[in-house]
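# Per-entry structural report
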Amino acid sequence: MIHLQLKARSALCAVALVVPASFSSCNSPVKPDHFEATVMKVIHAFHDRDGATLNGLISEETGLAMIYRIGVFDEYVLVDSIDFEQPVPEYLGYPDMVAVPDSVHYAELPVYDCGEMVWDKTGLFADTTRSDDKLAQTALNLVKYRGDSIPQAELAHFRNLAQLSRRIVLADYEDDELIFNLTLIADKWYLTLIDRVTTDCSA
């Protein structure tokens with residue numbers, strides 16, 4: 001696992017600006033066939049600990065963002081692969097999935113309650129009518145509240161990716177949650193983000 005260089009990350013900015021017709025509006029629904037096949041591919045790969053399949057779903061130019069929390073602030077790191085023996089962050093292993101859902105529910109996403117430590121509903125959900133800007137917001141918060149120096153080109157790249165990204169939530173009562181983004185780049189869905197903070201109620 002290596003960190004991607006800014007030059008490589010910025011190279012995709014121009015690509016991300018080319019928005020396919022099905023994404024002409026942030027609230028436009030997407031056709032579920034190819035999308036759902038990729039969702040299920042990700043889920044099965046995590047269940048099987050199949051790093052090769054997951055890494056084949058990561059764009060070489062964009063990489064994969066891992067969002068996690070240390071202390072007060074949400075952090076992100078960009079990696080080019082997933083290694084089940086070296087999770088990100090190191091202290092939080094990837095979920096052990098006992099069962100794999102057989103379909104995706106297209107509806108509002110589950111909400112996690114930190115008071116009760118439970119989801120308001122369980123299952124595999126995707127809201128394809130909404131884009132997801134969690135990575136962009138995480139980076140902007142680090143700049144605004146912690147004073148991080150993040151290049152404008154990188155922030156613009158994250159904002160562009162947000163228009164093409166859809167959030168998927170696998171919520172389970174047995175702490176088997178998996179939250180990730182798929183992003184449509186050049187007519188193909190890529191795994192671009194794994195959210196490890198939504199159920200982290202430590203802050």
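In case you missed it, the structure is sitting above this.
Residues numbered from 1 in each chain as written. Predicted model: local features only at pLDDT ≥ 70, side-chain atom pairs only at ≥ 80, totals over all residues. Heavy atoms only, no water.

### Examining the pairing of strand β2 (residues 73-79)
- Among the 7 residues in β2, 6 count as buried, and that is most of the element.
- Here strand β1 (residues 64-70) pairs with β2 via 7 bridges, running antiparallel. The residue of β2 that forms the bridge with Leu-64 is Val-79.
- The hairpin turn running from β1 into β2, its antiparallel successor, is 2 residues long, and Gly-71 in that turn takes a positive phi close to 75 degrees. (Buried < 20%, exposed > 50% of the residue type's maximum accessible area, 1.4 Å probe, protein only. Helix = DSSP H or I, 4+ residues; strand = E, 2+ residues; numbered from the N terminus. Pairing = 2+ DSSP bridges.)

### Describing the nonpolar core
- Val-39, Phe-46, Met-66, Ile-82, Phe-180 and Leu-182 are the most contacted members of the largest nonpolar core, which totals 32 residues.
- Secondary structure elements with two or more residues in this core: α3 (32-47), β1, β2, β6 (123-126), β7 (165-171), β8 (178-185) and β9 (188-195).
- The greatest single-element share of this core, amounting to 7 residues, is contributed by α3.
- Dropping the residues within four chain positions of it, Leu-182 is found in contact with Phe-35, Thr-38, Val-39, Val-42, Leu-164, Ser-165, Arg-166, Ile-168, Trp-189, Tyr-190, Leu-191 and Thr-192.
- Ile-67, Tyr-76, Leu-142 and Val-197 belong to the second largest nonpolar core, which has 13 residues in total. (Core = buried A, V, L, I, M, F, W, Y, C linked by side-chain atoms within 4.5 Å. Contact = heavy atoms within 4.5 Å.)

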